[in-house]
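As a plain string of letters, each chain reads:
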2 protein chains.
Amino acid sequence: MNNVPQAFSEQTFQNFLNSCENFLFDCDGVVWNWPSEIPGSVEFINRVKQMGKKCFFVTNNSTRTRETFSQQLKDFGVKDITKDEILSTAWVLAEYLKSQNFNGKVYLVGNPAMVQELDRLNIKHNGLEEHKDYVFNSTNYNEIELDPTIKCVSVGIDYEFTFQKMIYASSYLKRNDCIFVATNDDSSLPVPIPNIAIPDAGPILSSIEKTTGKKALVIGKPRSTMWEILCKVHGLDATKTCMIGDRLDTDILFAFNAGIEKSVLVLSGITKESDMQNQDRKKLPMFYADSLGDLLKFI
Amino acid sequence: MNNVPQAFSEQTFQNFLNSCENFLFDCDGVVWNWPSEIPGSVEFINRVKQMGKKCFFVTNNSTRTRETFSQQLKDFGVKDITKDEILSTAWVLAEYLKSQNFNGKVYLVGNPAMVQELDRLNIKHNGLEEHKDYVFNSTNYNEIELDPTIKCVSVGIDYEFTFQKMIYASSYLKRNDCIFVATNDDSSLPVPIPNIAIPDAGPILSSIEKTTGKKALVIGKPRSTMWEILCKVHGLDATKTCMIGDRLDTDILFAFNAGIEKSVLVLSGITKESDMQNQDRKKLPMFYADSLGDLLKFI
């Protein structure tokens, strides 16, 4: 294997396509730059599906359920798509807890999609609605009401994150039997306006990790947890699978961590071609392309 | 100099006392475990003051003004104490901005004491009261109203910290001319109840640093900024100064960073004697004692 990422030629693309049975797509920067489709991406996906390839969508975004994601892809024109082709971190986090036979209650720093995914598996939780009126004033420790049944702190992006939630999450994590999981640790969301920064789950997570000195198990890319779940359910073969994403340090590193050798970086999202210079080889794709639409000429 | 911390004997204490003109005291875990005095600490301070030694109180706590601190020490019985003997991070942060001839507006993630210290120097600020009703909903970017005159983000402990404040602070830091300062980066506050964790400024700061990828200039211990301010105002001699604290990684490292060779660890706060084993020598004190009160027998 050559460690220098290659642009596709018609020949290399055909060989590549023939060797892949399964395609994993990141969404942001690959399928869409929300709320707009990246031109040609949906047509690329539909053509690949017509050839009988399996397509899955692997996203760190924890604010949507699998149903919402599949409906959004359908609305963009992706054909024959169901929730079973979606791996979102809110869903995988709930599935992970179930796989661990978790039977306590979760303290949730998160969002409504995470609530829905926990509810679907009958995993009890609190956090989003409780104690909203509590404001620490440097002496009112005795007004902090901890629930003795909490055995897990789960963290995802939470638009209503507060200092009070930091107190509760960090206090629960003082318990030796309290597990600590997070959907993802991305620093910020992609935003359409250059002068605005919107934190993702990473900054929320880092505040709780800093308070407690504990590290969460992170579900999302670049960790391989989502691939392991996909293998368990669909029995995929890593050697016949390709990962397509727009981020070296999440998507391409995820492929490496999952043992997926075939990876493609598209330059339609956050990464520029020059970002591949002087990179750790774990973060270098096998191939790169301007966008999915740019590959249509080879199909 | 011997690098192994020593317990005092009567002789070594007398020699030590004679060699010191200035005493710097940390407060939490040294003078008090709030709200209780650590027995003997006030008597020790008063005796040392009676001998003509200068005493200063150097604290990372940003929630009190110098006036409040000096009044609290007075209430505990410390004699002849004024705000001029107090170095608190809220005060030093404001003084730092003044020393830089800062003339923009500060976006403040902080608390009322920081407001008072900025107001005292006529430094404009906002943040604590603005935009409280704004909740990000994944599309309402255009409701984020950035103030074009903000040229600094200042971070301290903020009991009303929210996701909305993370958005504002991180967005201002996208500006190339926006400076980034913080009172301290301690992980958590000392609390009197073992099952509770209360974040200090560190976790708030880490969330903004994670979002932006930028690092703040941190005023508090272990950095030597407070010592530099003290030298500027009072012209102290490091070789005749002693730092007394209860934390190896803030107080004792602060002494090292400030070039203060004479440091004393008291075991009346967060550190146990065994914590000194296998420590970096920068974090090892010259002497240690159970508490200030325990040293009264030598005076």
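What this report covers is the structure whose coordinates are included nearby. Model, not experiment: these values are computed from the prediction.

Remarks on the sheet that holds strand β14 (residues 287-289) of chain A
Residues and elements named next belong to chain A.
At step 1: A sheet is described by the order of its strands in space; here seven strands give the open sequence β1-β14-β13-β12-β2-β5-β6, paired in parallel fashion. This sheet does not close on itself; its edge strands, each paired only once, are β1 (6-7) and β6 (86-88).
At step 2: Of the strands in this sheet, β1, β2 (22-25), β12 (241-245), β13 (262-266) and β14 are in contact with helix α1 (residues 10-19), which crosses β13 at around 125 degrees.
At step 3: Lying on the sheet, helix α3 (residues 66-76) is in contact with β5 (54-59) and β6; it crosses β6 at an angle near 130 degrees.

What about the interface of chain A and chain B?
At step 1: Tallying the contact residues gives 40 residues for chain A and 40 residues for chain B.
At step 2: Both faces considered, chain A and chain B share a buried interface measuring about 3400 Å² in area, 71% of it formed by carbon and sulfur atoms.
At step 3: When the buried area of chain A at its contact with chain B is split by residue, Y141(A), Y159(A) and F163(A) rank highest and sum to 21% of it.
At step 4: On inspection of chain A and its partner chain B, the count reaches zero salt bridges.
At step 5: Counting every contact that joins chain A to chain B gives 11 residue pairs in polar contact (both at pLDDT 80 or more).
At step 6: At the level of elements, α6 (163-172) and α7 (201-212) of chain A are the ones that each hand at least two residues to the side of chain A that touches chain B.

Quick word on the pattern of salt bridges
Between side chains of opposite charge, a pair can form when the charged atoms approach closely.
At step 1: Considering all chains together, one arrives at 30 salt bridges over all chains under this definition.
At step 2: Notably, a salt bridge pairs D185(A) with R223(A), separated by 3.7 Å at the nearest N-O pair. With D185(A) in the loop between β10 (179-182) and α7 and R223(A) in the loop between β11 (217-218) and α8 (225-234), this pair connects stretches of sequence that are 38 residues apart.
At step 3: Given the relative accessible area of 21%, D185(A) is considered partly exposed.
At step 4: With a shortest N-O distance of 2.7 Å, D251(B) and K221(B) are connected by a salt bridge. Of this pair, D251(B) sits in helix α9 (residues 248-258) while K221(B) sits in the loop between β11 (217-218) and α8 (225-234), and the two are 30 residues apart along the sequence. Both residues of the pair, D251(B) and K221(B), count as buried.
At step 5: Sharing partners across several salt bridges, the network here consists of D26(A), K221(A) and D251(A).

Criteria and thresholds
- Residues numbered from 1 in each chain as written.
- Chains lettered and ligands numbered in written order.
- Predicted model: local features only at pLDDT ≥ 70, side-chain atom pairs only at ≥ 80, totals over all residues.
- Heavy atoms only, no water.
- Pairing = 2+ DSSP bridges.
- Helix = DSSP H or I, 4+ residues; strand = E, 2+ residues; numbered from the N terminus.
- Contact = heavy atoms within 4.5 Å.
- Axes fitted to C-alpha atoms, helices over the stretch in contact; angles between N-to-C directions.
- Buried area = accessible area lost by both parts, 1.4 Å probe.
- Salt bridge = Lys/Arg side-chain N within 4 Å of Asp/Glu carboxyl O.
- Polar contact = N/O pair within 3.5 Å; in protein donor to acceptor, adjacent residues only side chain to side chain.
- Buried < 20%, exposed > 50% of the residue type's maximum accessible area, 1.4 Å probe, protein only.

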